[in-house]
Amino acid sequence: MNLQSLLLASALLPSAATPTQAPVADPPKVCDSCDEWNQPQAPFKLHGRSYYVGPHGLSAVLIQTNAGLILLDGGLPQSAPLIEGNIRSLGFKVEDIRLIVNSHAHYDHAGGIARLQRDSGATVAASASGAAALQSGMPTPDDPQFGKDGKDGSFPKVSAVRVVKDKEEVRVGDTAITAHLTPGHTPGSTTWTWKSCEGGSCVDLVYADSLTAVALDGFRFTGDKSHKDVSETFKRSIATVEALPCDLMLSTHPSASGLFERLKRRETAPAPDPLIDKQACAAYAANARKNLESRLQTERSGATK
Ligand SMILES: [Zn+2]
């Protein structure tokens, strides 16, 4: 899709907000870690025109282009006002968000997207499975964390989600971000990459989706009566992330890639930038592979039903 069609799609969204409307809040999600994840965090520059705008425990990334803003992920429903505040404190306008994309459709990364979409009128884009989950406000039934009662994982529904394919580029103005489908943690999991240039040098940024093999009781990555074996697909996703050109990697929970330790080092030793780490994707993938192998071993031993 080119910029014109993207902007057109955005203009056609029925939910586009007018500046005079007061923002409508979605009910906050209650969970064991929700309060901890949603601790406020001052926004900061990752690299070039890419900024961290999420709360302390849930990543959200803002990219400034010459034709509006791109936002990756929306945190919890109650993260949306924090993210909007962070965007404003950087001097940007929420109404200038043209595109919102999602890593995976769980309430802690997709919960704030409905409000961010309402407040900005942005186009929301996700993988086919991710789009289905976003539009139903619920993980898909083949999700390892799909609740038995179907209710635990719910989040505010997102309307009119544009589907992106593997390796598809989505462009806003002078900036293109690329979707890499990395199913495993969820069937719709997507890792996003883009180039960031500053001071004559360009780096590869990776917003890596979760690669943790977490499941509710009864789900087997090695397959059961209700779904096929997804372990090989999961392994391929890990290999995909491992092979990405990767200078600066950020994970959906910033702690999983040591973001704040790196940020602290940046205060005292800014050069070379501690956030730049060419090994970060490989290390993230190696950890995920270990985690998956141990999960598969448990399943083979019959410890999970
Ligand atoms: Zn998740």
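For the structure itself, consult the block above.
Residues numbered from 1 in each chain as written. Predicted model: local features only at pLDDT ≥ 70, side-chain atom pairs only at ≥ 80, totals over all residues.

Chemist: Mind showing me how you'd approach the overall build of the chain here?
Modeler: If you tally the helices and strands in the chain, you get nine helices and 12 strands. Relative to the compact-globule value of 19 Å for 305 residues, the chain shows a C-alpha radius of gyration of 18 Å, a close match. Its C-alpha atoms give the chain principal-axis dimensions of roughly 55 × 45 × 35 Å. Per-residue burial over the chain gives 48% buried out of 305 residues. Of all intrachain contacts in the chain linking residues separated by at least 6 positions in sequence, the fraction that spans at least 24 positions is 67%. (Helix = DSSP H or I, 4+ residues; strand = E, 2+ residues; numbered from the N terminus. Rg over C-alpha atoms; globule rule 2.2 N^0.38 Å. Buried ≥ 20, exposed ≤ 12 C-beta atoms within 10 Å, placed from the backbone. Contact = placed C-beta atoms within 7 Å.)

Chemist: Could you clarify how one ought to interpret the pairing of strand E8 (residues 169-172) in this entry?
Modeler: Side-chain direction in a regular strand flips from residue to residue, so the side chains alternate between the two faces of the sheet. Residue alternation in E8 divides its side chains into a buried set, Val170 and Val172, and an unburied set, Glu169 and Arg171. If you look at the hairpin formed by E8 and strand E9 (residues 175-181), you'll find two residues sitting between the two strands, and glycine 173 has a positive phi there, around 55°. (Pairing = 2+ DSSP bridges.)

Chemist: Where do I start with the sheet that holds strand E10 (residues 190-198) in this structure?
Modeler: Two strands in a sheet stick together by hydrogen bonds in their backbones, pointing the same way (parallel) or opposite ways (antiparallel). Within the open sheet, the five strands sit side by side as E8-E9-E10-E11-E12. Their pairing is mixed. Each edge of the sheet is formed by a strand with only one pairing partner; in this case those strands are E8 and strand E12 (248-251). Averaged over all pairs of adjacent strands, the angle between strand axes in this sheet comes to 25°, irrespective of strand direction. Judged from the four bridges that link them, E8 and E9 form a sheet pairing that is antiparallel. Looking at E9, one finds that valine 172 is bridged to threonine 175. Along the sheet, helix H9 (residues 280-300) makes contact with strand E11 (201-208) and E12, crossing E12 at roughly 35°. (Axes fitted to C-alpha atoms, helices over the stretch in contact; angles between N-to-C directions.)

Chemist: Would you explain the packing of helix H7 (residues 231-243) against H9 in this entry?
Modeler: Pairs of packed helices are described in terms of their axes, by the angle between the two and the distance that separates them. For the pair H7 and H9, interaxial distance at closest approach is 8 Å and the crossing angle is 165°. The angle between H7 and H9 falls in the class roughly antiparallel. As for how H7 packs across H9, the hand of that crossing is left-handed. Facing H7, whose interface residues are Ser231, Phe234, Lys235, Ile238, Val241 and Glu242, H9 presents Cys281, Ala282, Tyr284, Ala285, Ala288, Arg289, Leu292 and Leu296. When grouped by side-chain class, the residues that make up the contact of H7 with H9 number 10 nonpolar, one polar and three charged. (Parallel < 35°, antiparallel > 145°, perpendicular 65-115°, else oblique. Left-handed = near helix turned anticlockwise from the far one by under 90°. Nonpolar A, V, L, I, M, F, W, Y, C, P; charged D, E, K, R; others polar.)

Chemist: I keep staring at H9 and nothing clicks. Help me out?
Modeler: One turn of the α-helix equals 3.6 residues, which is why residues spaced by three or four share an orientation. A rise of 1.5 Å per residue sets the reference length of H9, with its 21 residues, at 30 Å; its end C-alpha atoms lie 30 Å apart and thus fit the reference within 8%. Close packing links the buried residues of H9 with E11, H7 and E12. With its phi angle positive at about 85°, glycine 302 sits one or two positions after the end of H9. (Expected span 1.5 Å × (residues − 1).)

Chemist: Explain the pairing of strand E3 (residues 61-65) here, please?
Modeler: Note that strand E2 (residues 50-52) and E3 share three bridges and pair antiparallel. Each residue of the ladder has a partner; that of tyrosine 52, found in E3, is valine 61. Two strands pair when backbone bridges link them, and E3 and strand E4 (residues 68-72) are joined in this way by five bridges, in the antiparallel orientation. Residue pairing in the sheet places glutamine 64 in a bridge with leucine 69 of E4. The antiparallel pairing of E3 with E4 creates a hairpin that spans two residues between the two strands.

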